[in-house]
Amino acid sequence: MASPLSDPTLERHFKGHRHTVTCVDFSCNKKQIGSVDSCVMIWNMKPQMRAYRFDGHKEAVTSVQFSPSGQLLASASRDKTVRLWVPSMKADSTVFRAHTASVRCVHFSGDGRSLVTASDDKTVKLWTVHRQKFLFSLNQHMNWVRCAKFSPDDRLIVSSSDDKTIKLWDKNSRQCIHSFSEHAGYASYVDFHPSGTCIAAASTDHSVKVWDIRSHKMLQHYPVHSGAVNSLSFHPAGNFLITASSDSTMKILDLVEGKLLYTLHGHQGPVTCVAFSREGDYFSSGGSDEQVLVWKSNFDEYIESSNGVTSQFKSALSSQTRPASSTAHLHFNSHPPVLHTQTSERAEHLSRPNTQTTARTHSFSHNGSHSRGAHSCAHRDTTISSPSTRQTQGSQRPAHQNKRLSDASDGGIPSSLANTLEHIIGQLDVLTQTVSILEQRLTLTEDKLKECLQNQMEIGLHLQNRDEA
């Protein structure tokens, strides 16, 4: 029997951006959050720790992501470049140039060795990180490319475009292996499910769609927003999906039950971006109100007590072969998946007869530089406003964290050894990046030397011709 879901809570918010926050991402250890507007900001999760502002791009920054190791940070910009930063006080960076228009998205491969970028020049481009070189382009889109992502195993790439298509590419053959079509709008954001078997697309038609990449069928359709959906993020366990919309709300969807769980009101204006942490215990959002909010999931404790619901979801995805209608939802119970339709619902007035499928709606307001442990005691079918009546959470620890601690104490790798290994790996990554920077500088020096020799030869020829004349 699964335990009831715990409500998400607003933990902190960061102020310092001067324009709309267009992208957010967590580092692997959750010590830092990267966000962008006209510059790159690195926020430290520890209270009283200063934030870093990286100025290097000449125009607005559109996308940011930490490398899997957390030692590098990639950013994309309307200045047609991609920059690779070392997220420290020095703010060292190197520049990648090959696009001929604004770069909309940047994403690391799972092994951290490659980057994929999407651009208004209608191309998707791949780059090598350590050699810092452009590899090749994928060129079949007919309009601006909004987003591009690697699959979890790095074999595939998915991209979405204003041409109303979502394309699936084979990285090795460099061929488009399938194209999904949007009819009412275009997908502004797309990403792979952690299992790698399906993709989710955030659309300007106010809905979110989940597609199976093997059968090429739509599995789920969530018309839950009243504005364009700008971003989405899968929980690492694959059970939940969070969305960000121009209707100023975020929605948390239960992919197993095919239902809306929560509607979150925290931003004053459109919510432009959202991202789960690597473990899924936190998520962050950014919006046109120039703020970055950090939330504690809490509802992911449900995963530990739900007896294999993740594998049930994955097996249901694997067995699903029927085409879904434009408003079809999948419910996963002990029986085989059954398709049934629902009408579009406004989250602000969401009401269902079964209390097990009733969404919770929360409204948060915040003052001060940060708020710790803000918790709203929610009731179903009600909107809770909590500007001042918040309770500070104690030292409660999620069930999955307790499980990890007990596993470690029962004979796992000693924490001191794990910390030492992590430090060594971090130092190796820094060393690799330093070597890459030195290689680039050597290449630049060689190019300058060749240019000087060429100029010297031209001057010599010019003097010789003048003497002969």
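Residues numbered from 1 in each chain as written. Predicted model: local features only at pLDDT ≥ 70, side-chain atom pairs only at ≥ 80, totals over all residues. Heavy atoms only, no water.

(A) How the structure looks around the nonpolar core. Grouped together as the largest cluster of nonpolar side chains are 42 residues, with contacts concentrated most on Ile 157, Ile 166, Ile 199 and Leu 241. At 5 residues, strand E19 (residues 198–203) tops the list of elements feeding residues into this core. Beyond its immediate stretch of four places on either side in the chain, Ile 199 contacts Val 158, Ile 166, Phe 180, Val 190, Asp 191, Phe 192, His 193, Lys 209, Val 210, Trp 211 and Ile 213. If you look at the next biggest cluster of nonpolar residues, it comprises 16 residues, including Leu 10, Leu 264, Val 271 and Trp 295. (Core = buried A, V, L, I, M, F, W, Y, C linked by side-chain atoms within 4.5 Å. Buried < 20%, exposed > 50% of the residue type's maximum accessible area, 1.4 Å probe, protein only. Helix = DSSP H or I, 4+ residues; strand = E, 2+ residues; numbered from the N terminus. Contact = heavy atoms within 4.5 Å.)

(B) Region of interest: a nonpolar patch on the surface. On the surface, Leu 417, Leu 421, Ile 424, Leu 428, Leu 431 and Val 435 cluster together to form a nonpolar patch covering roughly 520 Å² of accessible area. Positionally, Ile 424 belongs in helix H4 (residues 415–468). Overall, Ile 424 belongs to the partly exposed group, its relative accessible area being 42%. (Patch = residues over 30% accessible without salt bridge, like charges linked within 9 Å, V, L, I, M, F, W, Y side chains within 5 Å. Areas by Shrake-Rupley, 256 points an atom, 1.4 Å probe, with all protein chains shown as cover. Salt bridge = Lys/Arg side-chain N within 4 Å of Asp/Glu carboxyl O.)

(C) Representation of the confidence of the model for the chain within the structure. Residue-level pLDDT values for the chain average 77, and 74% of them are 70 or greater. This stretch, residues 305–358, has a pLDDT under 50; its non-local contacts, to residues over four places away or in other chains, come to 115 contacts. Confidence drops under pLDDT 50 across residues 365–411; counting only partners more than four residues distant or on other chains, this segment forms 85 contacts. (pLDDT = per-residue confidence, 0-100.)

(D) Quick peek at the packing of aromatic side chains. Scanning the entire structure with this criterion turns up 11 aromatic pairs. Arranged with centres 5.4 Å apart and planes meeting at 80 degrees, the rings of Phe 96 and Trp 127 form a pair that is edge-to-face. Within this pair, whereas Phe 96 is found in strand E9 (residues 93–97), its partner Trp 127 is found in strand E12 (residues 124–128), the two being separated by 31 residues in sequence. On the basis of relative accessible area, Phe 96 is assigned to the buried category, the value being 3%. Centroid distance Trp 127 to Phe 134: 5.5 Å. Interplanar angle 65 degrees. Geometry classified as edge-to-face. By relative accessible area, Trp 127 is classed as buried at 2%. Given the relative accessible area of 36%, Phe 134 is considered partly exposed. Taken together through their ring pairs, the aromatic side chains of Phe 240, Tyr 262, Phe 276, Phe 283, Trp 295 and Phe 299 make up a single cluster. Here the guanidinium or amino end of Lys 296 rests over the ring plane of Tyr 282, the centre of that ring lying 5.8 Å away. (Phe/Tyr/Trp six-rings, centres within 6.5 Å; stacked < 30°, edge-to-face > 60°. Lys NZ or Arg CZ within 6 Å of the ring centre and 35° of its normal.)

(E) Representation of the pairing of strand E7 (residues 73–77) within the structure. Taking burial as the measure, the 5 residues of E7 include 5 buried ones, the bulk of the element. Burial along E7 is two-sided: Leu 73, Ser 75 and Ser 77 and Ala 74 and Ala 76, pointing in opposite directions, are all buried. Examined bridge by bridge, strand E6 (residues 61–66) and E7 share 5 bridges and lie antiparallel to one another. Within the sheet, the bridge partner assigned to Gln 65 lies in E7 and is Ala 74. Taken together, E6 and the strand that follows it, E7, pair antiparallel across an intervening segment of 6 residues, in which Gly 70 is found at a positive phi of about 80 degrees. Sheet analysis places E7 next to strand E8 (residues 81–85), joined by 4 bridges and oriented antiparallel. Along E8, the bridge assignment pairs Ala 76 with Val 82. (Pairing = 2+ DSSP bridges.)

(F) Focus on the side chain of Ser 284. As for its placement among the helices and strands, Ser 284 is situated in strand E27 (residues 282–287). Look past the residues within four positions of Ser 284 in its chain and what remains in contact with it is Val 24, Phe 26, Ile 33, Cys 273, Val 274, Ala 275, Val 292, Leu 293 and Val 294.

(G) Geometry of the pairing of strand E4 (residues 40–44). Buried residues dominate E4, accounting for 5 of its 5 residues. Residues Val 40, Ile 42 and Asn 44 line one face of E4 and the alternating positions Met 41 and Trp 43 line the opposite face, and both faces are buried. Pairing geometry for strand E3 (residues 32–36) and E4, over 5 bridges, is antiparallel. For Gly 34, the partnering residue across the bridge sits in E4 and is Ile 42. Direction of pairing for E4 relative to strand E5 (residues 52–54): antiparallel, over a ladder of 3 bridges. Counted as the bridge partner of Ile 42 is Tyr 52 from E5.

(H) Quick peek at unusual backbone geometry. Of note in the backbone geometry, Gln 132 takes a positive phi value of approximately 55 degrees without being a glycine. Along the chain, the position of Gln 132 falls in the loop between E12 and strand E13 (133–138). By relative accessible area, Gln 132 is classed as buried at 12%. One non-glycine residue with positive phi stands out, namely Arg 174, at about 65 degrees.

(I) Representation of the pattern of salt bridges. Throughout the structure, instances matching the rule amount to 7 salt bridges. Across the pair Arg 146 and Asp 162 runs a salt bridge whose closest N-O atoms are separated by 2.7 Å. Of the two residues, Arg 146 sits in strand E14 (residues 145–150) while Asp 162 sits in the loop between strand E15 (156–161) and strand E16 (165–170), which places them 16 residues apart along the sequence. Taking the relative accessible area as the measure of exposure, Arg 146 reaches 19% and is therefore buried.

(J) Just the side chain of Asp 25, in detail. Note that Asp 25 resides in strand E2 (residues 23–26). A distance of 2.8 Å separates a polar atom in the side chain of Asp 25 from the backbone nitrogen of Phe 66. Once residues within four sequence positions are removed from consideration, Asp 25 is found in contact with Gln 32, Ile 33, Gly 34, Val 64, Gln 65, Phe 66, Ala 275 and Arg 278. (Polar contact = N/O pair within 3.5 Å; in protein donor to acceptor, adjacent residues only side chain to side chain.)

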